[in-house]
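Each chain, written out:
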Amino acid sequence: MIKVIAKFFVNKNKIDQFIQLSKELIENTRKENGCIKYELFEDTTKNTVFSIIEEWENTQALDAHFNSKHFTEIIPQLELTVTQKIEVNIYKQII
């Protein structure tokens, strides 16, 4: 099992745009083979910080996601809403 945490630091004037784009990304991603969970969370202390927390069956499913049409089209649009580089951490389960 693979988990991914993608952290976004969103421009306060672009939060609505970020959420709309994220909604489209999430709806399409949840239909992908190997996707177990794909959810958007807002930081409870900083309303401009969001994380997509993902769970995938394996690295092959995650790689397919990174190459999917909706991912390659929406991520560049999300990048236009952030104030700094998106942080992505990929974890493998060890216990």
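Structure: see above.
Residues numbered from 1 in each chain as written. Predicted model: local features only at pLDDT ≥ 70, side-chain atom pairs only at ≥ 80, totals over all residues. Heavy atoms only, no water.

## Things to note about the pairing of strand S1 (residues 2-9)
Then, number 1: Where S1 meets strand S3 (residues 49-56), eight bridges bridge the pair, whose relative direction is antiparallel. Its bridge partner being in S3, Phe8 is matched across the sheet by Phe50.
Then, number 2: In terms of strand pairing, S1 meets strand S4 (residues 87-92) through six bridges, oriented antiparallel. Bridging from a neighbouring strand, Lys3 pairs with Tyr91 of S4. (Pairing = 2+ DSSP bridges. Helix = DSSP H or I, 4+ residues; strand = E, 2+ residues; numbered from the N terminus.)

## Re a nonpolar patch on the surface
Then, number 1: Taken together, the side chains of Ile5, Phe41, Ile53 and Tyr91 define a hydrophobic patch exposed on the protein surface, amounting to about 330 Å² of accessible area.
Then, number 2: Its location among the elements puts Phe41 in strand S2 (residues 35-42). (Patch = residues over 30% accessible without salt bridge, like charges linked within 9 Å, V, L, I, M, F, W, Y side chains within 5 Å. Areas by Shrake-Rupley, 256 points an atom, 1.4 Å probe, with all protein chains shown as cover. Salt bridge = Lys/Arg side-chain N within 4 Å of Asp/Glu carboxyl O.)

## Here we look at the sheet that holds S4
Then, number 1: If you trace the four strands from one edge of the open sheet to the other, you get S2-S3-S1-S4, paired in antiparallel fashion. Here the strands that pair on one side only, and so sit at the sheet edges, are S2 and S4. The mean inter-strand angle of the sheet, taken between neighbouring strand axes irrespective of direction, is 15°.
Then, number 2: Helix-sheet contacts for helix H1 (residues 15-29) involve S1, S2 and S3, and the interaxial angle to S2 is about 170°.
Then, number 3: The sheet strands contacting helix H2 (residues 59-66) are S1, S2, S3 and S4, and the helix crosses S3 at an angle near 130°. (Axes fitted to C-alpha atoms, helices over the stretch in contact; angles between N-to-C directions. Contact = heavy atoms within 4.5 Å.)

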